[in-house]
Amino acid sequence: MELQSGVSKAGNQWKKQEYVMETLDSYPRKVKFDFFGDRADQYPLEVGDVITLSYDIESREFNGRWYTDIRGFKAMKEDPNMAGAAPAPYQPAGAPAPAPADAGMPAPPPIDQPPFDQGGVGDDLPF
């Protein structure tokens, strides 16, 4: 979409670049997101780019209605030949990397747990 820019009530310059991306899921979805401020120039994207987007979701209320924005803060261009590949699973920062399945270690023994009680009289859940 076209670059939007202006001056805030406080007199500060601002700019926003909006994009619409299509996910690579089994049932693709279109999602509008934007880059605000300096990031609008930092991450120029073209039609057909395959990206991994890092984003925040922000909601705000105005005149009794709620509006939600997806605000991008980083876009990494990916190899278009890898578009059908599954993304790497989420790994929290500082977490140890998972060991490969064929690391030569035996599988851990199963944990003995009592069966789940599915109708106990002492159930205090409200549903």
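Residues numbered from 1 in each chain as written. Predicted model: local features only at pLDDT ≥ 70, side-chain atom pairs only at ≥ 80, totals over all residues. Heavy atoms only, no water.

Colleague: What am I meant to see in the overall build of the chain here?
Modeller: Within the chain, the secondary structure is distributed over one helix and five strands. Mapped from its N terminus to its C terminus, the chain presents α and β elements in the order β-β-β-α-β-β. Looking at the chain as a whole, 14% of its 127 residues are labelled buried. Across the chain, the fraction of contacts at a sequence separation of at least 24, relative to all contacts at a separation of at least 6, is 31%. Accessible surface, the chain: about 11300 Å² in total, of which carbon and sulfur atoms supply 55%. (Helix = DSSP H or I, 4+ residues; strand = E, 2+ residues; numbered from the N terminus. Buried < 20%, exposed > 50% of the residue type's maximum accessible area, 1.4 Å probe, protein only. Contact = heavy atoms within 4.5 Å. Areas by Shrake-Rupley, 256 points an atom, 1.4 Å probe, with all protein chains shown as cover.)

Colleague: Even after reading the chapter, I still don't get the packing of aromatic side chains, so can you show me in this structure?
Modeller: Both the distance between ring centres and the angle between the ring planes are used here to describe each pair of aromatic rings. All chains considered together, the criterion is met by five aromatic pairs. Through a chain of ring-to-ring contacts, three or more aromatic side chains come together here, namely Tyr19, Phe33, Phe35 and Tyr43. (Phe/Tyr/Trp six-rings, centres within 6.5 Å; stacked < 30°, edge-to-face > 60°.)

Colleague: Would you explain the side chain of Asp69 in this entry?
Modeller: Among the structural elements, Asp69 can be located in strand β5 (residues 65-77). A polar atom in the side chain of Asp69 sits 3.0 Å from the side chain of Arg60. Excluding residues that lie within four positions of it along the chain, Asp69 makes contacts with Asp56, Ile57, Glu58 and Arg60. (Polar contact = N/O pair within 3.5 Å; in protein donor to acceptor, adjacent residues only side chain to side chain.)

Colleague: Before we go on, may I ask you to explain the pairing of β5 in this structure?
Modeller: Looking along a regular strand, one sees the side chains alternate between the two faces of the sheet. Sheet analysis places strand β4 (residues 51-62) next to β5, joined by twelve bridges and oriented antiparallel. Counted as the bridge partner of Ile51 is Lys77 from β5. The loop that links β4 with its antiparallel partner β5 comprises two residues; one of these, Asn63, has a positive phi angle of about 55°. (Pairing = 2+ DSSP bridges.)

Colleague: Can you help me understand the pattern of salt bridges in this one?
Modeller: Think of it this way: side chains of opposite charge can pair up when their charged atoms draw near. For the structure on display, the rule yields seven salt bridges. For Lys15, the salt bridge identified is with Asp41, shortest N-O distance 2.3 Å. You can see Lys15 sitting in strand β2 (residues 13-22) and its partner Asp41 sitting in helix α1 (residues 39-42), a full 26 residues away along the chain. We classify Lys15 as partly exposed; its relative accessible area is 23%. Asp41 gets classed as partly exposed once you look at its relative accessible area, which sits at 47%. A salt bridge links Asp49 to Lys77; the nearest nitrogen and oxygen atoms lie 3.3 Å apart. Here Lys77 lies in strand β5 and Asp49 lies in the loop between α1 and β4, a separation of 28 residues in the sequence. Judged by its relative accessible area of 30%, Asp49 is partly exposed. Here the salt bridges do not stand alone but share partners, grouping Lys16, Glu18 and Lys32 into one network. (Salt bridge = Lys/Arg side-chain N within 4 Å of Asp/Glu carboxyl O.)

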